[in-house]
Amino acid sequence: MSENLERRRFLKGLGASSLILAPLGCSSVKEKENAYTPHYVMVFDQNKCVGCGECKEACNKANNLPEGKSRLLMEQQSGAVEGQPCPHCGKTTGCGCERKFVRVSCQQCKNAPCVTVCPTGAAHRDPKTGIVTMDAAKCAGCKYCIGACPYDARFINKETDVADNCDFCLNSKLAIGELPACVQQCRYDALIFGDANDPTSYVSKLLAVKDSVRIKPGFGTEPSLRYIPIVKLGV
Ligand code: SF4
Ligand code: SF4
Ligand code: SF4
């Protein structure tokens, strides 16, 4: 997938709520923004992910995180690698399991416990995009949000002592009209991002034809991360 096509996809996905157009101060755009609520989602296609980890590095760089830290983890679920036992069968040699990875990061819940419990309003939902993000200046470092997150997706940035979560690169990339850094970086098309409320967006069309799942739906958090699982597991 060429970068241009990805970008066109994204711009189309942004639709009337474009963050890029907002700084222009155009009143008609602002009126549309007020009338329209996007729902930004990210899709992780497990069939395409090879576990290269380049998305993590891109996240670190884009969001100026401490060395080696990223707002996402790439967890290996099966398949032995470099003498490490296969997480599924336990074998270090002769493992016939398919290599399978899963992205672990903030699920961008529509009902977000981290926001509900935050006593200072530091963990909040961006009013324009609905994305769960942080106001670093308000964070008291109490870690209530970390305890409340059912996905173990939050952490304290050790350099700033502020709680952090994946916010789809709201300030570092979306605000300048770019796709999230991990999505841009993934050469295998395993990450797709866009506005699920826009029926013309690529992500909407993809979700309409592909079976996808959400993690821990029973918690009622309504995650915005969708996973397209490997169909033929072979494990
Ligand atoms: S960059 Fe893409 S293929 Fe590589 S680990 Fe991340 S999601 Fe998977
Ligand atoms: S996954 Fe955790 S950090 Fe992200 S919105 Fe949900 S509760 Fe908050
Ligand atoms: S969207 Fe941005 S903050 Fe979230 S994992 Fe990707 S690169 Fe990191």
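Details of the structure are given in the entry above.
Residues numbered from 1 in each chain as written. Chains lettered and ligands numbered in written order. Predicted model: local features only at pLDDT ≥ 70, side-chain atom pairs only at ≥ 80, totals over all residues. Heavy atoms only, no water.

**Here we look at the overall build of the chain**
Here is the rule we go by: Counting from the N terminus, the helices are the DSSP runs of H or I reaching at least four residues and the strands are the DSSP runs of E reaching at least two. Accessibility here uses a 1.4 Å probe with only protein chains present; expressed as a share of the type maximum, an area under 20% marks a residue as buried, one over 50% as exposed, and anything in between as partly exposed. By definition in these notes, contact holds between two residues if any of their heavy atoms fall within 4.5 Å.
Summing up its helical and strand segments, the chain has 7 helices and 9 strands in all. Considering the chain as a whole, with its 235 residues, one finds that 44% of them fall into the buried category. For the chain, the share of sequence-separated contacts (at least 6 apart) that also reach a separation of at least 24 residues comes to 60%.

**Considering helix α3 (residues 54-62)**
To be explicit about the condition: To obtain the arc, one takes the directions from the helix axis to the C-beta atoms.
If you check which residues of α3 are buried, you get Glu54, Cys55, Ala58 and Cys59. Down the axis of α3, the buried side of the element spans an arc of 140 degrees, and every buried residue falls inside it. Among the exposed residues of α3, those oriented more than 90 degrees off its buried face are Glu57 and Lys61. Of the residues one or two after α3, Asn64 is the one with positive phi, at around 55 degrees.

**Notes on the nonpolar core**
One recurring pattern in soluble globular proteins: nonpolar side chains tend to sit buried together. As a reminder, the rule being used: The nonpolar core is taken to be a set of buried Ala, Val, Leu, Ile, Met, Phe, Trp, Tyr and Cys residues, with the residues joined through side-chain atoms within 4.5 Å.
Among the nonpolar cores identified, the biggest contains 40 residues, and Met42, Met74, Phe168, Val183, Leu191 and Phe193 are the most heavily contacted of them. The element best represented in this core is strand β1 (residues 40-45), accounting for 3 residues. In this view, Met42 contacts Arg103, Phe168, Pro180, Cys182, Val183, Leu191, Ile192, Phe193, Ser224, Leu225 and Arg226; residues no more than four positions away in its chain are not counted. In terms of nonpolar packing, the next biggest core, distinct from the first, is built from 7 residues, Val43, Leu206, Leu207 and Ile228 among them.

**Brief notes about helix α7 (residues 202-209)**
Among the residues making up α7, those that are buried are Val203, Ser204, Leu206 and Leu207. In an axial view of α7, the angular spread of the buried residues amounts to 165 degrees, which keeps them on one side of the axis. Of the exposed residues in α7, the ones pointing more than 90 degrees away from its buried face are Ala208 and Val209. Looking at the buried positions of α7, the neighbouring elements they touch are β1, β8 (191-195) and β9 (225-228).

**Quick look at the site of ligand 2**
We count it as follows: Whether a residue is near a molecule or strand is decided by its heavy atoms; if any one of them lies within 4 Å of it, the residue is near. In this classification, Asp, Glu, Lys and Arg are treated as charged, Ala, Val, Leu, Ile, Met, Phe, Trp, Tyr, Cys and Pro as nonpolar, and every other residue, Gly included, as polar.
The immediate surroundings of ligand 2 are formed by Cys106, Gln107, Gln108, Cys109, Ala112, Pro113, Cys114, Cys149, Pro150, Tyr151 and Arg154. Of the residues that constitute the shell around ligand 2, the class distribution is 8 nonpolar, 2 polar and 1 charged.

**Notes on unusual backbone geometry**
In terms of backbone geometry, most residues other than glycine have negative phi values and most peptide bonds are trans. The backbone of Asp152 sits at a positive phi, close to 55 degrees, despite the residue not being glycine. Inspection of the secondary structure puts Asp152 in the loop between α5 (144-148) and β6 (155-157). Of note in this structure, Lys216 is not a glycine but carries a positive phi near 50 degrees. Its relative accessible area of 37% is what places Lys216 among the partly exposed residues.

**A closer look at the pattern of salt bridges**
Quick reminder of the rule: Take a side-chain nitrogen of Lys or Arg and a carboxyl oxygen of Asp or Glu: if they are within 4 Å of each other, that pair is a salt bridge.
Evaluation of the coordinates by the stated rule reveals 4 salt bridges. With a shortest N-O distance of 3.1 Å, Arg71 and Asp167 are connected by a salt bridge. Taken together, the residues span a long stretch of sequence, with Arg71 in the loop between α3 and β2 (72-78) and Asp167 in the loop between β7 (162-164) and α6 (181-185) at a distance of 96 residues. Under the relative-accessibility criterion, Arg71 is labelled buried at 14%. Measuring nitrogen to oxygen at the nearest pair gives 3.4 Å for the salt bridge that ties Lys173 to Glu178. Each member of the salt-bridge network shares a partner with another, and the members are Arg71, Asp164 and Asp167.

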